[in-house]
Structure formats: structure tokens, C-alpha cells
Amino acid sequence: MSSFSVTFRSPDDEVCVLDLKGELDAHTASELEAAFQKCLDDQRSRIIVHGGDLQYISSAGLGVFMAYIEEVREQGGDIKIAALQPRVYNVFDLLGFPVLFDITSTEDEAVQRFSDDGA
């Protein structure tokens, strides 16, 4: 069974940070779905996914990002992805996610981008 966890942080009143750890696949994707839904239920649409401890992502995991991005943007926010490990970033890159998502090297950069674009 895959090991995966999502924890929440709020560095300020505007941004919700989801720290991902472990392997995000078909068995664990529901945990990320629940995390995105909790952010939306709490009216927190500025979401940063911190992937520094994410070791693996499958197509099911990537699908969760796609399932929520439209709803998050409709609420005036965005999902920014930060601090991915190179091998995990390569998966995102191969599937064209950098065109659809703002992917940054650091969490601070992602926070700054929210300030810059007002999203």
C-alpha cells in the first residue's frame, strides 16, 4: 500500500499550503481530493501545493489537479505548485502541466506570484 499524507498550513490569511509527502497514486488520490475540497469549503481558493516531499505521482494524482483547477479559478484563486523534486517535476512537464499551472522552485516564490497577479 502506498504511503501518502497531506498536511495543511496557512502562512497568512490568504494562502492555504498543502504539504504532500510520499506517493500520490490511485490509492491515495482521494486524500488530495479531500484536501482541495476542504480548502474550497473553507473559502480558501489561493492554494499552494508544496511537493518537496512528494516522491511519486501517477496519472490518477495528476487528474486530481485537473479536476479542481477550474473550480478554484472560478472562485478567484489558483493552484500553484512549488518545490517539486526533479523526477516528479519531469512527470508534470511531460504532460504539459507547466502550461496550465504556475510551478515554482520555492514556496516563497509561489506566495509572491499570488501577490503579483492578485489571484
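Residues numbered from 1 in each chain as written. Predicted model: local features only at pLDDT ≥ 70, side-chain atom pairs only at ≥ 80, totals over all residues. Heavy atoms only, no water.

**Observations regarding the environment of Leu62**
Argument step 1. Tracing the backbone shows Leu62 in helix H2 (residues 59-74).
Argument step 2. We classify Leu62 as buried; its relative accessible area is 4%.
Argument step 3. Distance in space between the C-alpha atoms of Leu62 and Phe97 is 9.0 Å, their sequence separation being 35 residues.
Argument step 4. Once residues lying within four places of it in the same chain are set aside, the contact partners of Leu62 are Ile57, Val91, Phe92, Leu95 and Phe97. (Helix = DSSP H or I, 4+ residues; strand = E, 2+ residues; numbered from the N terminus. Buried < 20%, exposed > 50% of the residue type's maximum accessible area, 1.4 Å probe, protein only. Contact = heavy atoms within 4.5 Å.)

**What to know about the packing of aromatic side chains**
Argument step 1. Considering all chains together, one arrives at six aromatic pairs under this definition.
Argument step 2. Seen from their ring centres, Phe65 and Phe92 are 5.5 Å apart, and the 85° between their planes marks the pair as edge-to-face. Taken together, the residues Phe65 in helix H2 and Phe92 in helix H3 (residues 86-94) connect sequence positions 27 residues apart.
Argument step 3. Using a relative accessible area of 1% as the deciding quantity, one classes Phe65 as buried.
Argument step 4. Here Phe92 falls in the buried class, since its relative accessible area comes to 0%.
Argument step 5. Arranged with centres 5.2 Å apart and planes meeting at 10°, the rings of Phe97 and Phe101 form a pair that is stacked.
Argument step 6. Each residue in the set Phe36, Phe65, Tyr68, Phe92, Phe97 and Phe101 is aromatic and connected to the rest through ring pairs, giving one cluster.
Argument step 7. When the ring centre of Phe8 is taken as reference, the NZ or CZ atom of Lys38 above it lies at 5.7 Å.
Argument step 8. In this structure, Lys80 is placed above the aromatic ring of Phe114, and the distance from its NZ or CZ to the ring centre is 4.7 Å. (Phe/Tyr/Trp six-rings, centres within 6.5 Å; stacked < 30°, edge-to-face > 60°. Lys NZ or Arg CZ within 6 Å of the ring centre and 35° of its normal.)

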